[in-house]
Structure formats: structure tokens, C-alpha cells
Amino acid sequence: MILTTSLCEPVLTHGDYCLPNVFLENGKLSGFIDIGDMGLGEKWRDIALCWRSLRNNYNGSYGGKVYPDFDPNDPFVLAEDVQAEVNAIADEEKRAAAR
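The rules we used
Residues numbered from 1 in each chain as written. Predicted model: local features only at pLDDT ≥ 70, side-chain atom pairs only at ≥ 80, totals over all residues. Heavy atoms only, no water. Helix = DSSP H or I, 4+ residues; strand = E, 2+ residues; numbered from the N terminus. Expected span 1.5 Å × (residues − 1). Buried < 20%, exposed > 50% of the residue type's maximum accessible area, 1.4 Å probe, protein only. Disulfide = S-S within 2.5 Å. Phe/Tyr/Trp six-rings, centres within 6.5 Å; stacked < 30°, edge-to-face > 60°. Salt bridge = Lys/Arg side-chain N within 4 Å of Asp/Glu carboxyl O. Contact = heavy atoms within 4.5 Å. Pairing = 2+ DSSP bridges.

K.L.:
So, helix α1 (residues 43-57): which residues are in play, and what are the values?
P.N.:
For α1, spanning 15 residues, the distance from its first C-alpha to its last is 21 Å, which sits close to the expected 21 Å at 1.5 Å a residue. Residues D46, L49, C50, W51, S53, L54 and N57 constitute the buried set of α1.

K.L.:
So what's going on with the state of the cysteines? Residues and values would help.
P.N.:
Evaluation of the coordinates by the stated rule reveals 0 disulfides. In this structure C18 is a free cysteine whose sulfur lies 8.6 Å from that of C50, the closest cysteine sulfur available. Overall, the relative accessible area of 15% leaves C18 in the buried class.

K.L.:
So, the packing of aromatic side chains: which residues are in play, and what are the values?
P.N.:
Taken as a whole and judged by the stated rule, the model has 1 aromatic pair. Relative to F32, the ring of Y17 has its centre 6.0 Å away and its plane inclined at 55°; by these criteria the two rings are tilted. Note that Y17 is positioned in the loop between β1 (10-13) and β2 (22-25) and F32 in strand β3 (residues 28-32), a separation of 15 residues in sequence.

K.L.:
Tell me about the pattern of salt bridges, residues and numbers included.
P.N.:
This model, assessed by the stated rule, comprises 2 salt bridges. The salt bridge partner of E92 is R95, with a shortest N-O separation of 3.1 Å. Taken together, the residues span about one helical turn, with E92 and R95 both in helix α2 (residues 75-98) at a distance of 3 residues. Put simply, E92 and R99 hold a salt bridge, and the shortest N to O gap is 3.4 Å. Look at R99 and you get exposed, because its relative accessible area is 72%. Connected through salt bridges with shared partners, the residues E92, R95 and R99 form a single ionic network.

K.L.:
Just give me the short version of the environment of I33, but keep the residues and values in it.
P.N.:
Note that I33 resides in the loop between β3 and β4 (39-42). Separated by 16 residues in the primary sequence, I33 and Y17 have C-alpha atoms spaced 9.4 Å apart. With near-sequence residues (within four places) excluded, I33 lies in contact with H14, P20, N21 and F23.

K.L.:
So, unusual backbone geometry: which residues are in play, and what are the values?
P.N.:
The phi angle at D34 is positive, at roughly 60°, despite the residue not being glycine. With respect to the helices and strands, D34 occurs in the loop between β3 and β4.

K.L.:
Residue-level account of the pairing of β3, with values.
P.N.:
Here β2 pairs with β3 via 4 bridges, running antiparallel. Residue pairing in the sheet places F23 in a bridge with G31 of β3. Linking β2 to β3, which pair antiparallel, is a turn of 2 residues; within it N26 sits at a positive phi near 55°.

Rendered as C-alpha cells:
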């Protein structure tokens, strides 16, 4: 398989995007730690690290947060949930702009 440039888009990546390195407050992203590997890179690395972290920590073994609807064997569930959240945020921004 030959990778095309559309699959290899360098983006700003965290470099170690996993649950212990991400802070949430009131359900929103509030900060990061361990950004020593941050820089231009492949988005797939951060996506893969996040997936592995969710897969290994979804049962509450890290921080006590349990993700009962997360199936660690189904990567598409997470993608659909993320897309639904992105769509909801975009819809809210459109409604706010229309006011």
C-alpha cells in the first residue's frame, strides 16, 4: 500500500496523548502535561495513544473514571461519539452566532 499525502498530514501533536496527561474540568479540556514530545507529527500517533489509553483505562483503573459505554474492542464507537460531540458543539456555536 502506498500512502498518499492526504493520509500523511503533519499536525501539531501532543506526542503522548493519554488519559494521565489530559485534564478535564466540567467535561471540557482544561490542560495538558508531559508535552516534551509535542511538535509536528502524524495525527495517527496521538489517536493511537489515546485509543490505547482508553482501552487500558476504561474500567476505572486510572483515576476512578469509568466509561461504561466504551467497548475497547470497537474503535468506531469512540469515533462516532467524538463526531457526535463535535457536531453538537458546532450546532451550539451556530445557534449562538444566530442570536
